[in-house]
Amino acid sequence: MRDARGLVKEISRGANLDKNLADYSGCMAENIGNYAALELTFSACIMAESFQEYDQISPQEKQFYEDVMELAEQAAGDAPDDAALAARADELRKRITAVMEAFTSYTDHLTCYEYVMERLALRFERQDKLAEELSGLDEEQFLNRIMMFLGVNQDKNVMWGRIQNLISIVPVRMTKNALFDRISRAVSLYKGADKQSLDSFLYKIRSLAMLHPAEECEVPAEEIISYIDRMEHTDFSALDETAFNRLNDTMEACNRTISEVTNYFYSLQKIVNFVYALGIVRGRGSSVSVEYKDCMGILKRLRTDGYEDERLVGLEGKIERYVENCNVLWAVFDEVMQSHEGMLSELGLLADMKEYQIIRKLISDSLFIDIDESRDDVIVDEAAIKQASEEIAAELSDLFGRLPKAVKRAVMAQLLGGLPVEFSNGDEICEYVRTNLFGCQDRCEKAASVREIKRMIKEEEEWRGLNDFLV
């Protein structure tokens with residue numbers, strides 16, 4: 001196997017491209033193949049070891065486990081049909097993604113209702129104590145603390161993320177039309193971008209607003225769906241403390257279930273993605289490594305013999321060099337595709353390179369990323385911007401017409417926190433917080449926001465302190 005760094009340097013200089021581009025494709029295949037085999041083996045073994053902890057899961061969830069582990073075993077077969085393997089992995093991946101989308105929708109709904117419940121909870125605290133807590137708050141000092149928190153990290157992306165979190169906490173004082181204008185301005189930023197980017201943004205907006213319905217999927221979730229339906233028909237202003245506590249306890253149980261299910265399917269999807277990648281890339285490399293052979297031996301016996309820790313000892317530390325090489329090769333991949341597409345086509349390598357684009361998505365941290373590139377060439381124009389803005393405004397207008405005031409505020413807060421930051425300077429941020437937080441006349445809502453902001457700042461301070469200690 002050629003040295004990845006040396007190969008990349010030669011291609012960057014334009015040296016001996018016909019040979020070096022072929023070597024680049026082969027080097028990519030060999031490193032991906034070994035990386036995928038090792039990652040697949042470790043992931044499958046970890047899942048096999050931890051499966052006994054999932055003793056309360058449904059028969060449907062157990063069947064997903066069996067299907068995934070069977071797929072991993074098939075990947076290690078003596079003469080695997082890689083095309084069929086990739087096709088089955090694709091089908092199983094889509095089913096798991098559908099489950100995760102459903103449970104993500106449940107989470108979207110519960111996030112909004114959790115916002116409502118956190119503020120409602122303060123109605124059942126002693127109001128004199130609450131008033132005393134707020135009266136003891138030095139507003140200017142608190143504002144200064146907020147501004148220090150926002151500016152501690154000089155990374156603009158981090159700072160903007162913190163501002164968005166702050167906006168989602170501060171009480172909402174905005175008309176429906178003003179919100180629609182904000183969303184329309186955010187949508188307009190996608191003019192000239194690919195349609196897939198705009199679709200992703202609109203999906204996010206619909207998620208934040210609970211516009212994706214809480215529907216059934218392959219995994220039973222009757223209790224969660226029933227709870228969401230109950231919350232949709234709850235008169236929050238009429239809740240007494242007993243009814244509130246019952247709803248809150250059920251919400252906590254639903255959140256625990258969602259966390260367990262999503263963690264479970266995240267682990268399964270990781271296995272499927274690496275089987276998929278292996279099915280695509282296998283056979284394109286120039287040699288089969290000792291590590292690869294060991295991985296196939298472990299996977300072949302995993303379902304029958306079970307997980308044994310000592311089998312992985314020989315593979316520890318082997319994956320790093322393949323990861324490093326892949327990172328070196330991926331760093332110039334887009335440039336190679338753009339600058340040498342014609343030569344890649346002449347050499348018969350273009351199809352392989354396009355397969356590597358799919359693999360890059362499969363083995364990324366975004367396990368559920370859409371690998372369908374059919375919409376990548378569609379560019380968003382002014383007409384598409386106008387249509388998207390009008391459609392999302394109509395959907396939200398209909399939603400707000402059905403929501404009680406407390407839930408509508410929760411949805412608006414989530415939406416505002418998900419939009420691009422429009423503040424020009426720190427003074428504008430201060431004025432926004434001063435007006436919306438300190439000008440809030442609802443004692444419970446104001447106190448809940450103050451507490452949540454304090455908690456957010458404290459968590460960051462503790463995390464920063466831990467990092468300083470580790471350094």
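Residues numbered from 1 in each chain as written. Predicted model: local features only at pLDDT ≥ 70, side-chain atom pairs only at ≥ 80, totals over all residues. Heavy atoms only, no water.

K.L.:
Looking at this model, I keep getting lost on the pattern of salt bridges. Mind explaining?
P.N.:
Pairs can form between side chains of opposite charge once their charged atoms are near each other. Scanning all chains against the criterion turns up 34 salt bridges. Taking the shortest distance from any N to any O, the salt bridge between R5 and E324 comes out at 3.2 Å. Taken as a pair, R5 in helix α1 (residues 4-12) and E324 in helix α14 (residues 319-331) lie far apart in primary sequence, 319 residues in all. Relative accessible area serves as the criterion here: at 46%, R5 is assigned to the partly exposed category. For R409, the salt bridge is made with E445, and the minimal N-O distance between the two is 2.8 Å. (Salt bridge = Lys/Arg side-chain N within 4 Å of Asp/Glu carboxyl O. Helix = DSSP H or I, 4+ residues; strand = E, 2+ residues; numbered from the N terminus. Buried < 20%, exposed > 50% of the residue type's maximum accessible area, 1.4 Å probe, protein only.)

K.L.:
Honestly, unusual backbone geometry in this entry has me stumped. Any pointers?
P.N.:
Among all residues save glycine, negative phi is the norm, and among peptide bonds the norm is trans. The phi angle at N16 is positive, at roughly 45°, despite the residue not being glycine. Tracing the sequence through the fold places N16 in the loop between α1 and α2 (17-50). Positive phi is not limited to glycine here, since M210 has a value of about 60°. When its relative accessible area of 8% is taken as the criterion, M210 is described as buried.

K.L.:
I keep staring at the environment of Q164 and nothing clicks. Help me out?
P.N.:
Structurally, the position occupied by Q164 is in helix α7 (residues 156-169). Between the alpha carbons of Q164 and E341 there is a distance of 41 Å; along the sequence they are 177 residues apart. For Q164, the contacting residues outside a window of four places in its chain are G417, G418, L419, P420 and V421. (Contact = heavy atoms within 4.5 Å.)

K.L.:
For this particular structure, what's the right way to read the environment of P213?
P.N.:
Checked against the element boundaries, P213 lands in the loop between α9 (195-208) and α10 (222-232). Separated by 104 residues in the primary sequence, P213 and H109 place their C-alpha atoms 8.8 Å from one another. Setting aside anything within four residues of it in sequence, one finds P213 in contact with S105 and H109.

K.L.:
For this particular structure, what's the right way to read the side chain of S105?
P.N.:
Structurally, S105 can be placed in helix α4 (residues 82-120). Judged by its relative accessible area of 5%, S105 falls in the buried class. In terms of polar contacts, S105 uses its side chain to reach the backbone carbonyl oxygen of H212, at 3.0 Å. If we ignore the near neighbours within four places in the chain, the residues touching S105 are H212, P213 and A214. (Polar contact = N/O pair within 3.5 Å; in protein donor to acceptor, adjacent residues only side chain to side chain.)

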